[in-house]
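Observations on the three-dimensional arrangement
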Amino acid sequence: GQFGARLMQDPSTVEECVVAMKRGVDLAVSSAGVGRPTVSVKCRIGTDEHDSYDDFASFVEAVPSCGTFHVHARSAILDKNFSPADNRNIPPLHPE
């Protein structure tokens, strides 16, 4: 399996996950009678050399079931043997 930022390289799987989670939320809400929580995607601005605006826009467009994205302002370096801690510190921030 894949998880974390690596899923940005497989947006169709992200879309399948969002659809399944929304289905699960709908079932839980209908049986519990509570308010509907939002299903969102947390991602980076890109991965490895796929970190342009166009790459990010393509990812978002490939996950049409998700209306809310929480974006970390840095790329994820996946092609090297970086630890998660390295990946939080080595890629530069791009807050613009």
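All values derive from a computational prediction rather than experimental measurement.

1. Quick look at the overall build of the protein chain
If you tally the helices and strands in the protein chain, you get three helices and two strands. Counting from the amino terminus, the protein chain carries its helices and strands in the arrangement α-β-α-β-α. A total of 96 residues make up the protein chain; the buried ones form 29% of that total. In the protein chain, the proportion of contacts linking residues at least 24 apart, taken out of those at least 6 apart, comes to 62%. When the accessible surface of the protein chain is split by element, carbon and sulfur atoms take 55% of a total near 6400 Å².

2. Describing the packing of aromatic side chains
Counted by the stated rule, this structure contains one aromatic pair. Ring geometry for phenylalanine 59 and phenylalanine 69: centres 6.2 Å apart, planes at 75°, overall edge-to-face. Taken together, the positions of phenylalanine 59 in helix H2 (residues 53-61) and phenylalanine 69 in strand E2 (residues 69-76) put the pair 10 residues apart, joining distant regions of the chain. The pair formed by phenylalanine 59 and phenylalanine 69 is uniform in burial state, with each residue classed as buried.

3. Considerations on H2
Among the residues of H2, Phe56, Ala57 and Phe59 are the ones counted as buried. Along the axis of H2, the buried positions cluster into a sector of 155°, meaning they face one direction only. Exposed side of H2, more than 90 degrees from the buried face: Asp54 and Glu61 are the residues found there.

4. Examining the pairing of E2
In terms of strand pairing, strand E1 (residues 41-47) meets E2 through six bridges, oriented parallel. By the bridge assignment, valine 41 is partnered in E2 with phenylalanine 69. With H2 bridging E1 and the parallel E2, this β-α-β connection has right-handed handedness.

5. Remarks on the nonpolar core
Of all hydrophobic cores here, the largest spans 14 residues; its most connected members are Val14, Val18, Val41, Cys43, Phe59, Val63 and Phe69. Contributions of two or more residues to this core are made by helix H1 (11-32), E1 and H2. Apart from residues lying up to four places away in sequence, phenylalanine 69 is in contact with Val41, Cys43, Phe59, Val60 and Val63.

6. Examining the confidence of the model for the protein chain
With 90% of its residues at a pLDDT of 70 or more, the protein chain shows a mean pLDDT of 86. Across the protein chain, the element-wise mean pLDDT spans from 76 in helix H3 (residues 84-89) up to 96 in H2.

7. Points about the state of the cysteines
All told, the structure shown has zero disulfides when counted by the stated rule. For cysteine 66, which is in no disulfide, the shortest distance to another cysteine sulfur is to cysteine 43 and amounts to 8.5 Å. The exposure class assigned to cysteine 66 is buried, which follows from its relative accessible area of 8%.

8. Let's talk about unusual backbone geometry
Of note in the backbone geometry, aspartate 48 takes a positive phi value of approximately 45° without being a glycine. Note that aspartate 48 resides in the loop between E1 and H2. Accessibility expressed as a relative area gives 12% for aspartate 48, which makes it buried.

Rules of the game
Residues numbered from 1 in each chain as written. Predicted model: local features only at pLDDT ≥ 70, side-chain atom pairs only at ≥ 80, totals over all residues. Heavy atoms only, no water. Helix = DSSP H or I, 4+ residues; strand = E, 2+ residues; numbered from the N terminus. Buried < 20%, exposed > 50% of the residue type's maximum accessible area, 1.4 Å probe, protein only. Contact = heavy atoms within 4.5 Å. Areas by Shrake-Rupley, 256 points an atom, 1.4 Å probe, with all protein chains shown as cover. Phe/Tyr/Trp six-rings, centres within 6.5 Å; stacked < 30°, edge-to-face > 60°. Arc of directions from axis to C-beta. Pairing = 2+ DSSP bridges. Right-handed = clockwise from strand over helix to strand, strands pointing away. Core = buried A, V, L, I, M, F, W, Y, C linked by side-chain atoms within 4.5 Å. pLDDT = per-residue confidence, 0-100. Disulfide = S-S within 2.5 Å.

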